[in-house]
Each structure stands twice: as structure tokens, then as C-alpha cells.
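# Examination of the molecular architecture
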Amino acid sequence: MSSVTFPDLQFAVRIVLAVVFIGAGITHFVPGVARTMRAMIPPRLRTTGMLRPGNLVILTGVCEIAGGLGLLYPPTMVTAGVCLIVFLAAIFPANAFAARYPDRFGVAAIPLVPRLTGQLVLMGLIVVAIA
């Protein structure tokens, strides 16, 4: 019989998710990746000022890093998890836009159904990790 408990599994999933989100957040500050992410913001969501694409890329990077770190700190893990679920829903329009233009976005243009499936799986893993 295995001695692995559900809390052990949750802890392991939180660690993996934290690494994924922190790693993804860091990539927002790599110039080439950031340039692609700025271009992925759909035209209808583009604006000037504080919410211009460059600032949105920085903000989303900070959110991913903060969310990943929040999953590691027990007093904030539930709030961080809920925020990451909302975050994944909020960034979906950019991913859907990129999926429509694979020639323009290359590997970032993951087809819509696999991208949606992946994000739903991530959301489900977050729920498991914080439940």
C-alpha cells in the first residue's frame, strides 16, 4: 500500500504549478518573447496609456510570478489559486487571437482546442492543489 496521502499530492501539484507559473512569468521579461506576447494582444483590447500592450505583458508576467509564489505560501495559496484561475480566463483572448494566426505567431499559436483544453486542465490542477 502507498503511503502517499491527498495532502502530499496537493503539495506536489502546488510545487509543479508554482514552477510552471514562475517560469512562465519570467519569460515575459525576455525581449523576444515579450515582443511576441505584445503582438498577441487582440486589436480590440489594444489601448494606449497604462494598459498598452507592453505594460500588459509586464503585468501578466508579474501576476504569474506572484501567483506561483502564492501557491507556495500556505496563508495565500487559496487566494493565489483563485487569482490564477481568473488570470487564465483573462488571458485566453490573447491565446485565441494567436491561434488564428499560426504563420505570424509560430509556436505560440497553439490551436484553439488544445490551448483551451490545456488551460482547463491547469485550472483543474489548481483546484486540486488548493482544495
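In the block above lies the structure referred to throughout.
Keep in mind that this is a model prediction, so the values were computed, not measured.

Each pocket or cavity is described by its volume, and for the largest pocket that value is around 790 Å³. Considering the residues around the largest pocket, the lining is formed by 32 residues, among which H28, M37, F87, I91 and N95 are closest to the centre. Residue assignment for the lining of the largest pocket shows that the elements contributing at least two residues are α1 (6-27), α2 (31-40), α3 (53-72), α4 (77-99) and α6 (112-130). With eight residues, α4 is the single largest residue contributor to the lining of the largest pocket. For the lining of the largest pocket, the class distribution of residues is 23 nonpolar, seven polar and two charged.

This part takes up the side chain of N95. With respect to the helices, strands and loops of the structure, N95 is situated in helix α4. Side-chain polar atoms of N95 contact the side chain of Q119, separated by 2.7 Å. Once residues lying within four places of it in the same chain are set aside, the contact partners of N95 are M40, R115 and Q119.

Take the environment of V13 next. Positionally, V13 belongs in helix α1. V13 sits 117 residues away from I130 along the chain, and the two C-alpha atoms are 9.3 Å apart. V13 has contacts with L125 and A129, leaving out every residue within four places of it along the chain.

Let us look at the packing of aromatic side chains. Tallying each qualifying case throughout the model produces two aromatic pairs. Plain terms: the ring middles of F97 and Y101 are 5.0 Å apart, the flat faces sit at 55 degrees to each other, and that makes the pair tilted. For F97, a relative accessible area of 9% gives the class buried. Taken together, the ring pairs in this structure connect F97, Y101 and F105 into an aromatic cluster.

The rules we used
- Residues numbered from 1 in each chain as written.
- Predicted model: local features only at pLDDT ≥ 70, side-chain atom pairs only at ≥ 80, totals over all residues.
- Heavy atoms only, no water.
- 1 Å grid on protein atoms, 1.4 Å probe; cavity = no way out; pocket = protein on both sides within 12 Å on 5 of 7 lines; lining within 4 Å.
- Points joined across faces, edges and corners; volume = space filled by probe spheres on them.
- Helix = DSSP H or I, 4+ residues; strand = E, 2+ residues; numbered from the N terminus.
- Nonpolar A, V, L, I, M, F, W, Y, C, P; charged D, E, K, R; others polar.
- Polar contact = N/O pair within 3.5 Å; in protein donor to acceptor, adjacent residues only side chain to side chain.
- Contact = heavy atoms within 4.5 Å.
- Phe/Tyr/Trp six-rings, centres within 6.5 Å; stacked < 30°, edge-to-face > 60°.
- Buried < 20%, exposed > 50% of the residue type's maximum accessible area, 1.4 Å probe, protein only.

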